[in-house]
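Chain by chain, the residues run as shown.
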Amino acid sequence: MSDFIQLEQSWQKALKSDFSKDYYKTLMRFLTEELNANKNIYPPKDDIFNAFNLTPFNNTKVVILGQDPYHGQGQAHGLCFSVQNGIKPPPSLKNIYKEIGNDLSILPPSHGNLSSWAKQGVLLLNTVLTVEEGKAGSHQKKGWEIFTDKVIELLNEKKKNLVFILWGSPAQKKGHCIDETKHLVLKSVHPSPLSAHRGFFNNNHFSKTNEYLISKGIKPIDWKIPDIIN
């Protein structure tokens, strides 16, 4: 484990074997060098593992899989699709809010911070956890993909009755190892404005998630996001 990034204890225990692997050491060296070169890396250092710190391994009920963090100033804070307080919700997130309205008649909040979901057990996992400012995809193929594959593999193997929400072909490819006899896997096109009209809207993934959780005796997710996030 890197000395400059802290990770919640249950995830530390679950991922312990990976911290000594060459790919992870190389990844941490790369990040250290980027930060030492005074490059603007998003999310901020203390938020890189925010998804894990807000959603411990033992509490995880649902996994929503994203791609890269947002690369604009002040946006990313370690949760896929989510932005920090005070930042206007990006187009894909607006479409997610629209679909929650379609599905559950929930009005959108005035912000784009999804922390309330994370605290209920929704792991908002990006495939790649860091990016350089203004350079989409700049930290791809540096080791994060191997790390997040391991996260999905662990969840698949060690837990049961999870809901995996996979929007778009990259997320669906990433989830190829999930055992659909143990977990519910929900798939559709991505919520991006480029694709949402081709099957994201009216996919009813939010209500389907809760129906499944309830059927397994698991507390459902309150998808309504409070207007004020602490």
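Refer to the structure printed above.
Here the structure is a predicted model, which is why all the values come from computation and not from measurement.

Caption draft 1: Broad picture of the sheet that holds strand S5 (residues 163–167). Read from one edge to the other, the open sheet built from 4 strands follows the order S3-S2-S5-S6, with strand pairing classed as parallel. Each end of this open sheet is capped by a strand with a single partner; those strands are strand S3 (122–126) and strand S6 (184–188). Shown here is a sheet whose adjacent strand axes are inclined to one another by a mean of 20°, direction ignored. Bridge analysis of S5 against S6 gives 5 bridges, and the strand direction is parallel. When the bridges of S6 are listed, Ile 165 appears paired with Leu 186.

Caption draft 2: The arrangement of unusual backbone geometry in detail. Across the junction of Tyr 42 and Pro 43, the peptide omega takes the value -5°, indicating a cis bond. Counting through the fold element by element, Pro 43 comes out in the loop between strand S1 (41–42) and helix H3 (50–54). Of note, the phi angle at Asn 38 is positive, near 60°, even though the residue is not glycine. Checked against the element boundaries, Asn 38 lands in the loop between helix H2 (22–36) and S1.

Caption draft 3: Structural context of the pairing of S3. Counting buried residues in S3 gives 5 out of 5 residues, a clear majority hidden from the surface. With 5 bridges joining them, strand S2 (residues 62–66) and S3 adopt parallel strand pairing. The residue bridging Ile 64 from the neighbouring strand is Leu 124, located in S3.

Caption draft 4: Region of interest: the packing of aromatic side chains. Counted according to the given criterion, the structure contains 17 aromatic pairs. Where Phe 49 meets Phe 52, the ring centres are 5.6 Å apart and the plane angle is 80°; that geometry is what we call edge-to-face. Per residue, the accessibility class of Phe 49 equals that of Phe 52, and both read buried. Between the aromatic rings of Phe 49 and Phe 147, the centroid separation amounts to 5.7 Å while the plane-to-plane angle is 45°, which identifies the pairing as tilted. Note that Phe 49 is positioned in the loop between S1 and H3 and Phe 147 in helix H6 (residues 144–158), a separation of 98 residues in sequence. Overall, Phe 147 belongs to the buried group, its relative accessible area being 0%. Aromatic ring contacts, followed pair by pair, group Trp 11, Phe 19, Tyr 23, Tyr 24, Phe 49, Phe 52, Phe 57, Trp 144 and Phe 147 into a single cluster. The ring of Phe 201 carries the charged tip of Lys 98 above its face, separated from the ring centre by 4.7 Å. Lys 159 extends its terminal NZ or CZ atom over the ring of Phe 57, reaching a point 5.4 Å from the ring centre.

Caption draft 5: View of the packing of H2 against H6. Look at H2 against H6: their axes get within 9 Å of each other, and the N-to-C directions meet at 130°. By the angle class used here, H2 and H6 are oblique. Here the hand of the crossing between H2 and H6 comes out left-handed. Facing H2, whose interface residues are Tyr 23, Tyr 24, Leu 27, Met 28 and Leu 31, H6 presents Trp 144, Ile 146 and Phe 147.

Definitions and cut-offs
- Residues numbered from 1 in each chain as written.
- Predicted model: local features only at pLDDT ≥ 70, side-chain atom pairs only at ≥ 80, totals over all residues.
- Heavy atoms only, no water.
- Pairing = 2+ DSSP bridges.
- Helix = DSSP H or I, 4+ residues; strand = E, 2+ residues; numbered from the N terminus.
- Axes fitted to C-alpha atoms, helices over the stretch in contact; angles between N-to-C directions.
- Buried < 20%, exposed > 50% of the residue type's maximum accessible area, 1.4 Å probe, protein only.
- Phe/Tyr/Trp six-rings, centres within 6.5 Å; stacked < 30°, edge-to-face > 60°.
- Lys NZ or Arg CZ within 6 Å of the ring centre and 35° of its normal.
- Parallel < 35°, antiparallel > 145°, perpendicular 65-115°, else oblique.
- Left-handed = near helix turned anticlockwise from the far one by under 90°.
- Contact = heavy atoms within 4.5 Å.

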